[in-house]
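Here is how the chains run, residue by residue.
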Amino acid sequence: MKTIVKGMEGVQEAAEIIKNGGLVAFPTETVYGLGGNALDPEASRKIYAAKGRPSDNPLIVHVSCIAEVDPLVSVLPESAEKLMETFWPGPLTIILPKSEIVPYETTGGLETVAIRCPENRVTLSFIKASGLPIAGPSANTSGKPSPTEATHVLHDLNGKIDMILDDGPVGIGVESTIIDMSGEVPTLLRPGAVTVEELSEALGRTVEIDPAIVAGGVNEGIHPKAPGMKYRHYAPNAKMALVTTKFLKKRDYEVSEEERLQADRLISDYINELVKKDEESGLRTGIICCDETKDLYDMSQTGASYVKIIGHRNEPLSMTHELFRVLREFDDDKVDRIYAESYSDRGVGFALMNRMRKAAGMTELLADEK
Ligand code: AMP
Ligand code: MG
């Protein structure tokens with residue numbers, strides 16, 4: 001690979017690489033993307049090869065403004081335009097029927113195309129300078145946590161791509177929300193920082209939620225509409241489990257302060273017990289907790305190899321920001337088991353918990369039913 005270039009300096013060179021059929025990793029507000037010319041089947045094939053991604057898992061096409069959408073779609077409903085005006089540039093991907101110029105290599109064989117305008121000044125300039133729509137899945141090896149820093153991209157794709165545009169760590173840290181606007185009913189295919197409540201409000205109607213993204217969906221044999229959601233994803237090398245209580249699940253986290261403290265105690269006792277057992281049998285363990293509960297996981301008492309705090313539980317964005325970085329750190333630490341607390345599914349919490357559940361392969365342990 002030629003270069004990692006910081007900030008705006010690499011924009012022109014990156015645009016030339018794209019025009020010549022090459023691949024450039026680029027920063028966005030969600031995660032780093034791996035870009036190629038979306039209209040060039042060969043560039044899309046190269047993206048799949050670099051990531052080791054199954055070729056039926058379509059790519060998201062990045063544009064620098066709403067005007068660039070028109071040539072890519074065969075229909076542009078007013079409702080979809082409304083979403084673009086409300087949320088772009090921003091972490092929302094919209095699925096629409098594709099036009100003829102978008103090759104099936106980019107859409108994984110589908111008649112629809114996923115389009116997004118990211119909010120990052122370096123990347124918006126890079127897209128404009130290339131004069132092309134940029135196909136860009138996350139810039140990680142398929143199955144691994146998405147990259148939230150340029151060094152993560154380098155770790156996964158060094159030697160496989162032409163350039164990395166580096167604009168520092170990303171803000172949101174999990175991938176964009178995906179909404180399908182190609183049919184009668186607007187449907188959420190992947191939760192992200194734009195919430196289902198915000199989408200419903202902007203559209204003035206209820207947005208359906210694809211059953212595959214509700215807890216356990218894919219595992220229960222439901223076929224997801226976003227092909228990517230069926231693959232093992234975001235997975236650390238260690239075996240990971242989420243720990244919650246039956247009571248919290250039933251109440252959807254609308255609990256009093258007293259009940260919250262009781263649940264914290266149950267969950268932390270259980271995690272500490274599991275850790276102790278594992279460490280005694282020679283396994284290295286890691287714990288994921290939040291700022292509010294960190295004192296319940298005393299490494300000197302439980303013997304956990306690592307305790308990592310991913311943020312404040314009342315601010316899910318502080319946790320999405322850290323999640324993938326922490327999962328990658330556990331890989332470097334070579335832990336065998338990760339135990340993570342569960343958090344609320346409300347608002348952006350839905351995106352956080354969706355990624356945590358997938359990272360854990362849907363394994364959930366109940367502290368009050370052990
Ligand atoms: P990534 O770029 O790594 O965030 O992955 C892109 C995600 O968008 C995957 O989960 C894809 O399955 C999904 N996606 C892309 N295009 C479409 C489409 N036309 N219909 C449904 N899902 C799509
Ligand atoms: Mg991805």
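Criteria and cut-off values
- Residues numbered from 1 in each chain as written.
- Chains lettered and ligands numbered in written order.
- Predicted model: local features only at pLDDT ≥ 70, side-chain atom pairs only at ≥ 80, totals over all residues.
- Heavy atoms only, no water.
- Helix = DSSP H or I, 4+ residues; strand = E, 2+ residues; numbered from the N terminus.
- Rg over C-alpha atoms; globule rule 2.2 N^0.38 Å.
- Areas by Shrake-Rupley, 256 points an atom, 1.4 Å probe, with all protein chains shown as cover.
- Lys, Arg positive; Asp, Glu negative; His and termini not counted.
- Charge placed at Lys NZ, Arg CZ, Asp CG, Glu CD.
- Axes fitted to C-alpha atoms, helices over the stretch in contact; angles between N-to-C directions.
- Parallel < 35°, antiparallel > 145°, perpendicular 65-115°, else oblique.
- Left-handed = near helix turned anticlockwise from the far one by under 90°.
- Contact = heavy atoms within 4.5 Å.
- Nonpolar A, V, L, I, M, F, W, Y, C, P; charged D, E, K, R; others polar.
- Salt bridge = Lys/Arg side-chain N within 4 Å of Asp/Glu carboxyl O.
- Buried < 20%, exposed > 50% of the residue type's maximum accessible area, 1.4 Å probe, protein only.
- Arc of directions from axis to C-beta.
- Pairing = 2+ DSSP bridges.
- Phe/Tyr/Trp six-rings, centres within 6.5 Å; stacked < 30°, edge-to-face > 60°.
- Lys NZ or Arg CZ within 6 Å of the ring centre and 35° of its normal.

Student: Just checking my understanding: could you explain the overall build of the protein chain for this structure?
Tutor: Helix and strand counts for the protein chain stand at twelve helices and 16 strands. A globule of 370 residues ought to have a C-alpha radius of gyration of about 21 Å, and the protein chain, at 21 Å, matches this closely. Taking the principal axes of the C-alpha coordinates as reference, the protein chain spans close to 60 × 45 × 35 Å. Here the protein chain has roughly 15,300 Å² of accessible surface; of this, 50% comes from carbon and sulfur atoms. Charged side chains of the protein chain number 41 positive and 57 negative; the gap between the two group centres comes to 4 Å.

Student: Just checking my understanding: could you explain the packing of helix H3 (residues 78–87) against helix H7 (residues 196–203) for this structure?
Tutor: Packed helix pairs are characterised by how far apart their axes lie and by the angle those axes make with each other. Packing of H3 against H7 leaves a shortest axis separation of 10 Å and a crossing angle of 120°. Taken together, the axes of H3 and H7 lie oblique to each other. Two packed elements cross with a definite hand, and for H3 against H7 that hand is right-handed. In this structure, H3 contributes Ser79, Lys82, Leu83, Thr86 and Phe87 to the contact, and H7 contributes Glu198, Leu199, Ala202 and Leu203.

Student: How should the packing of helix H1 (residues 11–19) against helix H5 (residues 121–130) be read in this particular structure?
Tutor: Here H1 crosses H5 at 45°, and the two axes come no closer than 8 Å. On the basis of their axis angle, the class for H1 and H5 is oblique. Pair H1 / H5 crosses with right-handed handedness. Taking contact as the criterion, the partners of Val11, Gln12, Ala14, Ala15, Ile18 and Lys19 in H1 are, on H5, Val122, Ser125, Phe126, Ala129 and Ser130. Residues that form the contact of H1 with H5 fall into these classes: seven nonpolar, three polar and one charged.

Student: Explain the pattern of salt bridges here, please?
Tutor: When charged atoms on two side chains of opposite charge get close, those side chains can pair. Across all of its chains, the model carries 17 salt bridges by this definition. Here Glu42 makes a salt bridge to Arg45, at a shortest N to O gap of 3.1 Å. One end of the pair, Glu42, and the other, Arg45, are both in helix H2 (residues 41–51), three residues apart, so they sit about a helical turn from each other. Classification of Glu42 by relative accessible area gives partly exposed; the value is 40%. Its salt-bridge partner being Glu322, residue Arg325 comes within 2.3 Å of it at the nearest N-O pair.

Student: Looking at this model, I keep getting lost on H7. Mind explaining?
Tutor: Because the α-helix completes a turn every 3.6 residues, residues three or four places apart line up on one side. Listed as buried for H7 are Val196, Leu199, Ser200, Ala202 and Leu203. Buried residues of H7, seen end-on, are gathered within an arc of 165° and therefore sit on one face of the element. The secondary structure elements touched by the buried residues of H7 are H3, strand E5 (92–97), strand E9 (177–180), strand E10 (187–190) and strand E11 (208–209). Looking one or two places after H7, you find Gly204, whose phi comes out positive at around 70°.

Student: How should the environment of Thr151 be read in this particular structure?
Tutor: Structurally, Thr151 can be placed in helix H6 (residues 150–157). Given the relative accessible area of 51%, Thr151 is considered exposed. Spatially, the C-alpha atoms of Thr151 and Asp166 are 8.9 Å apart, while their sequence positions differ by 15 residues.

Student: Help me understand the sheet that holds E9, please; the structure alone is not making it clear to me.
Tutor: Whenever strands of a sheet pair, they do so through backbone hydrogen bonds, lying parallel or antiparallel. The strand order E1-E8-E2-E3-E7-E4-E6-E5-E9-E10-E11 describes an open sheet built from eleven strands, whose pairing is mixed. Each edge of the open sheet carries a strand with a single partner, namely strand E1 (3–6) and E11. Note that strand E2 (residues 24–26) and strand E3 (residues 33–37) share three bridges and pair antiparallel. Among the inter-strand pairings, Ala25 is bridged to a residue of E3, identified as Leu34. Contacting E5 and E9, H3 runs over the sheet at an angle of about 160° to E5. In the packing of H6 onto the sheet, the strands contacted are E1, E2, E3 and strand E8 (163–166), and the crossing angle to E8 comes to about 165°.

Student: Help me understand the packing of aromatic side chains in this model?
Tutor: Each aromatic ring pair is summarised here by two numbers: the centre-to-centre distance and the angle between the ring planes. Overall, the coordinates contain one aromatic pair when judged by the stated rule. Taken together, a centroid distance of 6.0 Å and an interplanar angle of 40° make the contact between Phe26 and Phe126 tilted. Of this pair, Phe26 sits in strand E2 while Phe126 is found in helix H5, placing the two residues 100 residues apart along the sequence. No difference in accessibility class separates Phe26 from Phe126, as the two residues are buried. Seen from the ring of Tyr104, Lys98 lies directly overhead, with NZ or CZ sitting 4.3 Å from the centre. Positioned over the ring face of Phe330 is Lys308, at 5.0 Å from the centre of the ring.

Student: I keep staring at H1 and nothing clicks. Help me out?
Tutor: Among the residues of H1, Val11, Ala14, Ala15, Ile17 and Ile18 are the ones counted as buried. When H1 is viewed along its axis, its buried side chains cluster within an angular range of 160° and face the same direction. Packed against the buried residues of H1 are E2, E3, H5, strand E7 (134–135) and E8. Directly beyond the C-terminal end of H1, a positive phi value near 90° is found at Gly21.

Student: Would you take a moment to explain the sheet that holds strand E15 (residues 337–341) for this structure?
Tutor: A sheet is described by the order of its strands in space; here five strands give the open sequence E14-E13-E15-E12-E16, paired in parallel fashion. Because the sheet does not close on itself, it has two edges, and the strands there are strand E14 (306–309) and strand E16 (364–366). Taken over all neighbouring pairs, the strand axes of this sheet differ in orientation by 25° on average, direction set aside. Pairing analysis gives four bridges linking strand E13 (residues 285–289) to E15, with the strands arranged parallel. Directly across from Ile288, in E15, lies its bridge partner Ala340. Sheet strands in contact with helix H9 (residues 257–280) are strand E12 (239–244), E13, E15 and E16, and its direction is about 175° off that of E15.

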